[in-house]
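# Fold and contact review
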Amino acid sequence: QVQLVESGGGLVQAGGSLRVSCSASGRFFSSYAMGWFRQGPGQEREFVAAISWRHDMYYADSVKGRFTISRDNAKNTVYLQMNSLKPEDTAVYYCAADSSTSQITTTRADYWGQGTQVTVSS
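Everything in this summary refers to the structure shown in the same document. Here the residue index of a chain counts from 1 through its sequence in written order. Under the rules for a predicted model, residues below a pLDDT of 70 receive no local features and side-chain atom pairs below 80 are neither given nor counted, while totals for whole chains, interfaces and linings still include all residues. Calculated side-chain values reflect all of the structure's heavy atoms, with hydrogen atoms and water omitted.

### Regarding the pairing of strand β4 (residues 33–39)
Where burial is concerned, most of β4 is hidden: 6 out of the 7 residues are buried. In this analysis, strands are considered paired if DSSP registers two or more bridges between them. Here a helix means four or more residues in a row that DSSP labels H or I, a strand means two or more in a row labelled E, and each is numbered from the N terminus. With antiparallel pairing between neighbouring strands as the criterion, β4 and strand β5 (residues 46–51) make up a hairpin whose turn holds 6 residues, including Gly42 at a positive phi of roughly 70°. For each residue, the accessible area found with a 1.4 Å probe, counting protein chains only, is set against the maximum for its type, and the residue is called buried under 20%, exposed over 50%, and partly exposed in between.

Here is the structure:
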């Protein structure tokens, strides 16, 4: 099985920046697609960003131009650089991985981390 562990969450003021990380271990392969989802209080889990093995990148419209996803295949780690943060970005951010790129932008990903809290104050 694959284990995913997020880190880097915290409290930041609106307009600020934060970078969250996700490290994979266990039966993980660099060919897996990886992505980020988030879930605010009382909200449904939603897609944020994803990146394929070949570094093709996908973003939700709400974060496009503000967030940047990247990965270091040698370290089995994916990052999400969040700039120009808004209070609406407040959520628990979850890392996900899947063997299929077509699945990584959906909630059907095979593997999930426990999440890291990101709070943006106004």
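### So, the pattern of salt bridges
Once their charged atoms are close, side chains differing in charge can pair, the charge on each being opposite to the other. Salt bridge criterion: a side-chain nitrogen from Lys or Arg within 4 Å of a carboxyl oxygen from Asp or Glu. The full count for this structure, using the stated rule, is 5 salt bridges. Between Lys64 and Asp61 there is a salt bridge; the shortest N-O distance is 3.3 Å. In this structure Lys64 comes out as exposed when scored by relative accessible area, which is 51%. Judged by relative accessible area, which is 66%, Asp61 ranks as exposed.

### Observations regarding the pairing of β5
Within β5, 5 of the 6 residues are buried, which leaves the element mostly enclosed by the surrounding structure. Direction of pairing for β4 relative to β5: antiparallel, over a ladder of 5 bridges. Residue pairing in the sheet places Gly35 in a bridge with Ala50 of β5. Two strands pair when backbone bridges link them, and β5 and strand β6 (residues 57–59) are joined in this way by 3 bridges, in the antiparallel orientation. Opposite Ala49, over in β6, you have Tyr59 as the bridge partner. Where β5 folds back onto β6 in an antiparallel hairpin, the turn is made up of 5 residues, including His55, whose phi is positive at roughly 70°.

### Here's the deal with the sheet that holds strand β7 (residues 67–72)
Spatial ordering of the open sheet is given by β1-β3-β8-β7, a layout of 4 strands whose pairing is antiparallel. If you trace the sheet from one side to the other, it starts and ends with β1 (2–7) and β7, each paired once. The mean inter-strand angle of the sheet, taken between neighbouring strand axes irrespective of direction, is 15°. Across 6 bridges, the pairing between β7 and strand β8 (residues 77–82) is antiparallel. In the strand pairing of β8, Ile69 is matched with Leu80. Only C-alpha atoms enter the line fits that serve as axes; for helices the fit covers just the stretch in contact. Angles between N-to-C directions range over 0 to 180 degrees.

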